[in-house]
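These are the residues of each chain, in order.
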Amino acid sequence: MDFSGKTAISTGAASGMGLLFSQNIASSGGNVVMCDVNKEELYEKVREINEMHQGRAVGIVCDVRDYSQVCNAVSKTVELFSKIDILANFAGGTAVRMRKVNSKEYPEFPDVPIDVYDWGIDVNLKGPFYFAHAALKYMRNQNSGLIINIGSITGMEGDGYGMDYPTSKAGLMFGLTKSIARYGAKYNIRCVCISPGPVLTRANMAQMKTLLNRAADPQEIINLCLFVASEKGQFINGENIMIDGGRNAMGRG
């Protein structure tokens, strides 16, 4: 897949699948604007990509919870590369894990401080919403573009403790993705949600069951993102695509 001359924004780009997506875009000849809140790690990964790949990487420090920072990242992308072909919303995580909540001190959902869940909803749902709002202004003017949201099997299953995550992911998988697709159609803008099951971005993901008896390699998820963004995937729009090894087809018992 050739992304020469294409420009992508990747959030959560200093690590995990956001980084892997950035590396793949650059290795395929594209430009990638990498957004992350972790400044030192971000700039180190940008340097590595520019040394190893033919495409160009640029790092912009951005907290996806802050709309002004989001707008800055989007406008700088256009200043540098004149357009935004792809926006990929990878930034996210379960708040109780990311905020290191002690489950012994806060054993159940009502016990967890509400600011923990606020953080999760801000990052996982409002962040992609903010980026879409900012990027669509430019995509509308250029009459083209693709927004990739990242959902999760948890958006189908729910979670009785980390409730921010399935709540946010379900919002991306159905409400936001379909709404952007409906708005963007007249401007040749597509929106697709890719929803993984367990992915080996963390070792304990291997413990989650699937019909294939394994978790996904992160590259398998990125391959689907790249297909949707490529010339071969242009008829996919407004859809949530599960890539979960059959976990969603399993019984819930």
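What counts as what
Residues numbered from 1 in each chain as written. Predicted model: local features only at pLDDT ≥ 70, side-chain atom pairs only at ≥ 80, totals over all residues. Heavy atoms only, no water. Helix = DSSP H or I, 4+ residues; strand = E, 2+ residues; numbered from the N terminus. Rg over C-alpha atoms; globule rule 2.2 N^0.38 Å. Buried < 20%, exposed > 50% of the residue type's maximum accessible area, 1.4 Å probe, protein only. Contact = heavy atoms within 4.5 Å. Areas by Shrake-Rupley, 256 points an atom, 1.4 Å probe, with all protein chains shown as cover. Lys, Arg positive; Asp, Glu negative; His and termini not counted. Charge placed at Lys NZ, Arg CZ, Asp CG, Glu CD. Pairing = 2+ DSSP bridges. Axes fitted to C-alpha atoms, helices over the stretch in contact; angles between N-to-C directions. Expected span 1.5 Å × (residues − 1).

> Sorry, what's going on with the overall build of the chain here?
When its secondary structure is counted, the chain shows eight helices and seven strands. Compactness check: the chain gives a C-alpha radius of gyration of 18 Å against a globular reference of 18 Å for 253 residues, within 12% of the reference. Dimensions of the chain, computed from C-alpha atoms along their principal axes, come out at roughly 50 × 35 × 35 Å. Classification of the 253 residues of the chain by burial places 51% in the buried group. Taking as baseline every contact in the chain between residues at least 6 positions apart, the subset at least 24 positions apart corresponds to 71%. A total accessible area of about 11,900 Å² is found for the chain, and carbon and sulfur atoms account for 51% of it. One way to put it: in the chain the 26 positive side-chain charges average out to a point 5 Å from where the 25 negative ones average out.

> I tried to follow the sheet that holds strand β6 (residues 189-196) on my own but got confused; where do I start?
Strand order in the open sheet made by the seven strands is β3-β2-β1-β4-β5-β6-β7, with parallel pairing throughout. Looking at strand neighbours, the two that pair on one side only are β3 (56-61) and β7 (240-243), the edges of this open sheet. Shown here is a sheet whose adjacent strand axes are inclined to one another by a mean of 20°, direction ignored. As judged from the six bridges shared by strand β2 (residues 31-36) and β3, these two strands associate in the parallel manner. Across the sheet, the residue bridging to M34 is G59, located in β3. Strands in contact with helix α2 (residues 39-52) are β2 and β3; relative to β3, the strand with the most contacts, it is inclined by about 175°. Helix-sheet contacts for helix α8 (residues 218-229) involve β4 (86-89), β5 (145-150), β6 and β7, and the interaxial angle to β6 is about 165°.

> I tried to follow helix α3 (residues 67-81) on my own but got confused; where do I start?
In an α-helix there are 3.6 residues to a turn, and that puts residues three or four apart on one side. With 15 residues, α3 extends 21 Å between its outermost C-alpha atoms, agreeing within 8% with the 21 Å of an ideal straight helix rising 1.5 Å per residue. If you check which residues of α3 are buried, you get V70, A73, V74, S75, T77, V78 and F81. Tucked inside the fold, the buried residues of α3 contact β1 (7-11), β2, β3 and α5 (114-142). Count one or two residues on from α3 and you reach S82, which has phi positive near 75°.

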